[in-house]
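Here are the chains, one letter per residue:
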Amino acid sequence: MLQEITLSGTVVANGTSEGLPGVTVLLSNTDGSGKQGSTTDENGKFSFPRLQTGNRYTLQFSYIGYEKHSVTDFLVTESNANSLVINLKESASNLGEVVVVGYGVSTKKDITGSVKSLKAAEFNQGIINSPEQLLQGKVSGVNITSATGEPGGKTSITVRGPGGVRTGSTPLFVVDGMALDNSGTGGDANPLNFLNPQDIESIDVLKDASATAIYGSRGANGVILVTTKKGKSGQATVNYSGSIGISKMARPLDVFSGPEFLAEAAKLGATVINGGGDTDWQKEISRTAYTHNHNISLGGGNDKMTYYASFGAQKQQGIIKNSQQDRYTGRINISQKMFEDRVTLDLNLNANNTQNNRPNNQSVIGSALSANPTYVPYNEDGSPFQYQDGTNPLVTMNLYKEKLVNNRVLASISPSVKIIKGLVYKLNFGIDHSTSAQNKQTRPNAVPFEIGRLEDYRLTNSNRLIENYLTYTFNNRNHSFSALAGHSYQRIFIQGSNYSIDKFPISDIEPIYNPGLGQDLSLVLNKPGGFATINELQSFFGRATYGFKDKYLVTATLRVDGSSKFGANNKYGSFPSFSLGWRLSEEDFLKSGPFSDLKLRAGWGRTGNQEIPSKITQARFTSTVSPTTSYPLDNSATFPGGTTYSRLANPDIQWEVSSQTDIGLDFGFFKGALTGEIDYFSKTSEKILLEVIPADPVQPAGTFWTNVPNMRIINKGLELDLNFRKTLDNGLRFSIGGNMTFIKNRVENSPYSVIVSGSAQGSGLTSATINGYLNNHSIGAFYLKEFTGYDDKGISTFRDVDGDGIVTDKDRVVAGSALPTRMYNFSGNIAYKGFDLTANFNGVAGNKIYDNTANSNFYKLRLAKGLNVTPEAIADTRESINNSAPVSTQFLKDAAFLRLNNLALGYNLNTSKLGIHRWIQTARVSVTGQNLFVWTKYNGYDPEVNNDRQINGITSYGVDYLSYPKAKTVIIGINLGF
């Protein structure tokens, strides 16, 4: 007699009796219908209720690091329903792993370019605001630097070194086939904040030109492909994850306490005011910050239709008071098969709302570092104390407020049609639309006096993409072949506007909420502004791959791109690539050797860069009446109106081109337990795009854009990647891995003696520069006067390089680089039964940082004037209190560091033993520490910083000026599966 019964079993590692937790188990009828999913608990047990005895089922088991296993035609009876034991074998390698390669997928064993794929289980843990933070330290050759510790702050990322002077180094991001525009979405927020990290299934990094050339026009800086989660057929699942994070300032600066301040000032003979207190102003402007993160997702479907939907909310307080980011995200992914599975329709929709509140961070931090520590912060009534010889940092914090609201929608529809066997047509239509509103207000105030001001900025960014391409695949016993051909059109519309108003009455109403209270709209200070631009890209692309006997692999790619940013004579550029692969491990003479995998790769390719302002190839005119734009027709001082050129047309400007050669070796030992990669690369950027001063001074414009002839930027390096994993007989599982990159950057054949960047900040420093682009030195070189000590009067001295007896800008020297020459990262994981512990470290070496904070705030003269400093500022007794602190190597410091990026301890609860498995299938609790330790010689807030101090668009590197401090965070989280 047929009856309902529960099928249960255990999954163990082959050769052991220990269960494997977290194994994915799929059950279906023998015809593939009625799919259900489950996951093994901490003891490796799984169960499927309400099955019919006498029916036959198919079970599939999959687990990272182990070979997939299937049980087909399994007859369920009362006698075997509770006795199923599955032995999983450790995978020989991950060669069958699916890798996204742009306009398609491949398997790791067939890849001939330099590609790194990360799955969700390998991502960094902690408070994550944007996808690049998920892979920090995980990919060799990729350097990720958080410019600030502020919630939602920008992050800079380079793949195999920067290749442009002012065209940026940000790689192209592609989300579910939608190529994003690298322009900002308003304010200082990271434009990638709109993605919820919980929705990301995998991130694939294309590093060399043979891999990135399929995106030719914007692949010069690498390509990062983000794939979001999709639904799976079977029983519907609901998952919830929530966490609370507790953050504090990780490394406060060591400024003097009240008693120390008085004692040290007295030693200098300085007269300072003793307010009678002992205030830690850094503590007063900061706080213990809390972050709440909640995500819920549901997914499921059947053989014809699958769906995934999610909602996420994150409220993150900054460790500086009044700073906060709130982010709300929603996503729906649907895949529908139709017409006997010949047509597949994929829909992706992501909606995001991000709100950032921030004080004037640099002003607040600068005031806190310099404020007299003997002053008390508050009056007896709790209001901020206002002293006469300076401004209370708390007052500064309360008077200024900046609010940024971003709304962004990313949507795409991608139908595909199987025309004949092996031939598939696909259409990809997507839109990425964002709007932002940014308000900056200064409230009116009596002491210190402020008239009140409101600035309003609006930005719209609309990016539309339509692509059509055909893919053909053919496989038999000896040959595998695929071909891709397509067309792409992308249109990017950006519009911005701004207005401002001054002179508000002192009241409880903030200007941001009623601009009409402003009384001064004079055009001198409050002239409205705006702009609009349209950029268009048209591309034709193709790729062919061939494999013979799974040993010999060939890939060839060609993309032809046309951009509206370039002149009529050079609007299109061609970007080819070619790569070869030889799987030596498949040769007879190595099949009996120690290698589970051994593949030699070699490739060459060209990619392009067009990240320059729009319309610069077109003429521009001005009708302003002034002595510089018009000419008097008589002897009077009257200048009649007229129209003149402010920029000449340049139809010859063209693509900046990067050529790259890569030679790589993939290997695996001990049945895939030990795997690794070695890559040597050489990347050369030419036809450098630059805004320069004309050689002929008789020009209608002071500068013009051009491709600098013969100038080259070269990045060469070696990447090493190694991973080892093992399961012991007692069920203990562990893995350890790491990567290291050696890289050198060099500028060659520049016709300019120096291209300066990195403007210094602070009183008396505003005209000084820090970085310089010079021949035979790296892009991020520091070009400074060399500090040699003090003379007999205690005044700073500098090396006279040219020996003319006068120290001028001509005596500046290259004193190191902001670009690291070595990047290293390592991680480890250990798991036993339901417990697991993961640690991730990352570090850099060979680079320096310019401490502009110390340069402008910490020197002996400041203390003599009653401002607080650090012990370092007065350490040299030879220095005079009348000595200034000009920009020099005195403030250039070692920026090498090793960071414990995150440490996570988790436990998978046994829901069966707890008696809740009917309602909750899986449950996990975790504790994560983020940025717990940093080992470094740098005595600023953090060595990983990069303030944007560009000059005329020339990128700056390695400058630290009153940067928002980074936080040390502990996160408690829970994950539930229903």
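Located above this text is the structure these notes cover.
Figured I'd write up the structure that's included with this text.

Definitions and limits used
- Within each chain, residue numbers correspond to sequence positions counted from 1 in written order.
- Note on the predicted model: pLDDT of at least 70 is required for a residue's local features to be given, and 80 or more for side-chain atom pairs to be given and counted; whole-chain, interface and lining totals, by contrast, use all residues.
- Values reported for side chains reflect all heavy atoms of the structure, with hydrogen atoms and water molecules removed beforehand.
- Going along the chain from the N terminus, every DSSP run of H or I of four or more residues is numbered as a helix, and every run of E of two or more is numbered as a strand.
- Throughout, radius of gyration means the C-alpha value; the globule benchmark is 2.2 Å times the number of residues raised to the power 0.38.
- Whether two residues are in contact is decided by their heavy atoms, any of which lying within 4.5 Å being enough.
- Residue exposure ignores everything except the shown protein chains as possible cover, and the areas themselves are Shrake-Rupley values with a 1.4 Å probe.
- In this scheme Phe, Tyr and Trp rings, the latter by its six-membered ring, pair at centre separations within 6.5 Å, and the angle between planes marks the pair as stacked below 30 degrees, edge-to-face above 60, and tilted otherwise.
- Relative accessibility thresholds used throughout: buried, under 20% of the residue-type maximum; exposed, over 50%; partly exposed, between the two (1.4 Å probe, protein chains only).
- Only when the NZ atom of a Lys or the CZ atom of an Arg is both within 6 Å of the ring centre and within 35 degrees of the ring normal do we say a charge sits over the ring.
- Only strands joined by at least two bridges in the DSSP assignment are considered to pair.
- Note on geometry: axes are C-alpha line fits, over the in-contact stretch for helices, and angles between N-to-C directions span 0 to 180 degrees.
- Pairing of N or O atoms within 3.5 Å defines a polar contact, subject to two protein rules: one partner must be a possible hydrogen donor and the other a possible acceptor, and residues neighboring in sequence count only if both atoms are side-chain atoms.
- Remark: nonpolar core denotes a set of buried residues (Ala, Val, Leu, Ile, Met, Phe, Trp, Tyr, Cys) joined through side-chain atoms within 4.5 Å.

Quick notes on the overall build of the chain
Each helix and strand counted, the chain has ten helices and 51 strands in total. For the chain, the C-alpha radius of gyration of 31 Å lies close to 30 Å, the compact-globule estimate for 978 residues. Here the analysis covers contacts within the chain between residues at least 6 apart in sequence; of these, 71% occur between residues at least 24 apart. Accessible surface computed for the chain: about 42,600 Å², of which carbon and sulfur atoms make up 56%.

Quick word on the packing of aromatic side chains
Summed over the entire model, instances satisfying the criterion amount to 20 aromatic pairs. Measuring from centroid to centroid gives 5.2 Å for Tyr-103 and Tyr-215, while their planes differ by 25°, and the two rings are stacked. Of this pair, Tyr-103 sits in the loop between strand E8 (98-100) and strand E9 (105-107) while Tyr-215 sits in the loop between helix H2 (209-212) and strand E16 (223-228), placing them 112 residues apart in sequence. Here the two residues Tyr-103 and Tyr-215 agree in accessibility, since each one is buried. Aromatic pair Phe-826 and Phe-841: ring centres 4.8 Å apart, planes at 20°, arrangement stacked. Here Phe-826 is found in strand E44 (residues 822-832), whereas its partner Phe-841 is found in strand E45 (residues 835-845), with 15 residues between them in sequence. Take Phe-826: its relative accessible area is 37%, and that puts it in the partly exposed class. For Lys-968, the ring lying beneath its charged end belongs to Phe-933, and the centroid distance is 5.9 Å.

Observations regarding unusual backbone geometry
Cis geometry marks the peptide bond from Val-447 to Pro-448; its omega dihedral reads -5°. Note that Pro-448 resides in the loop between strand E23 (423-442) and strand E24 (453-475). Despite not being glycine, Lys-687 shows a phi value in the positive range, around 55°. Relative to the helices and strands, Lys-687 is located in the loop between strand E33 (674-686) and strand E34 (688-692).

Some words on helix H5 (residues 361-370)
Counted residue by residue, H5 has eight buried out of ten residues, so it is predominantly covered. Burial in H5 covers these residues: Asn-361, Val-364, Ile-365, Gly-366, Ser-367, Ala-368, Leu-369 and Ser-370. Buried-residue contacts for H5 involve helix H4 (281-285), strand E21 (343-358), helix H6 (393-399), helix H9 (852-857) and helix H10 (860-864).

Points about the environment of Lys-337
Mapped onto the elements, Lys-337 comes out in strand E20 (residues 324-338). Its relative accessible area of 36% is what places Lys-337 among the partly exposed residues. Excluding residues within four positions of it along the chain, Lys-337 makes contact with Asp-303, Lys-304, Val-343 and Thr-344.

Some thoughts on the sheet that holds strand E4 (residues 45-52)
Strands sit in the order E4-E1-E7 across an open sheet of three strands; the sheet is mixed. Every interior strand has two partners, whereas the edge strands, E4 and strand E7 (84-88), have only one. The average angle at which neighbouring strand axes cross in this sheet is 25°, direction not considered. Sheet topology note: the strand E1 (residues 4-13)/E4 ladder contains six bridges and is antiparallel. If you follow Glu-4 over to E4, its bridge partner there is Gln-52.

Here we look at the side chain of Thr-533
In this fold, Thr-533 is placed in strand E26 (residues 529-548). Residue classification places Thr-533 among the buried positions, given a relative accessible area of 14%. A polar atom in the side chain of Thr-533 sits 3.2 Å from the side chain of Ser-614. Contact partners of Thr-533, with chain neighbours within four places excluded, come to Ile-492, Phe-493, Ile-494, Ser-614 and Lys-615.

Regarding the sheet that holds strand E15 (residues 200-206)
Read across the open sheet, the five strands follow the order E10-E15-E16-E13-E14; overall the sheet is mixed. With one partner strand each, in any of the chains shown, strand E10 (115-119) and strand E14 (178-179) form the two edges of the open sheet. By the bridge criterion, two bridges tie strand E13 (residues 172-175) to E14 in an arrangement that is antiparallel. The residue bridging Val-175 from the neighbouring strand is Met-178, located in E14.

Describing the nonpolar core
Among the nonpolar cores identified, the biggest contains 60 residues, and Val-165, Ile-285, Leu-369, Ile-770, Tyr-850 and Phe-858 are the most heavily contacted of them. Those residues in contact with Phe-858 that lie beyond four places of it in its chain are Leu-253, Val-255, Leu-369, Thr-853, Asn-868, Val-869, Thr-870, Ala-873 and Phe-891. Counting residues in hydrophobic clusters, the runner-up holds 24 residues, among them Leu-118, Val-142, Ile-157 and Phe-173.

Describing the environment of Asp-110
By secondary structure assignment, the location of Asp-110 is in the loop between E9 and E10. Judged by its relative accessible area of 29%, Asp-110 falls in the partly exposed class. For Asp-110 and Arg-583, which are 473 residues apart along the polypeptide, the C-alpha to C-alpha distance reads 9.0 Å. Those residues within four positions of Asp-110 in sequence are excluded, and the remaining contacts are Asp-550, Leu-553 and Lys-599.

A closer look at the environment of Lys-615
Its place among the elements puts Lys-615 in the loop between strand E29 (595-609) and strand E30 (620-622). As for Lys-615 and Ala-649, which are separated by 34 residues in sequence, their C-alpha atoms are 9.4 Å apart. Each residue touching Lys-615, except ones within four places of it in the same chain, is listed here: Ala-532, Thr-533 and Arg-647.

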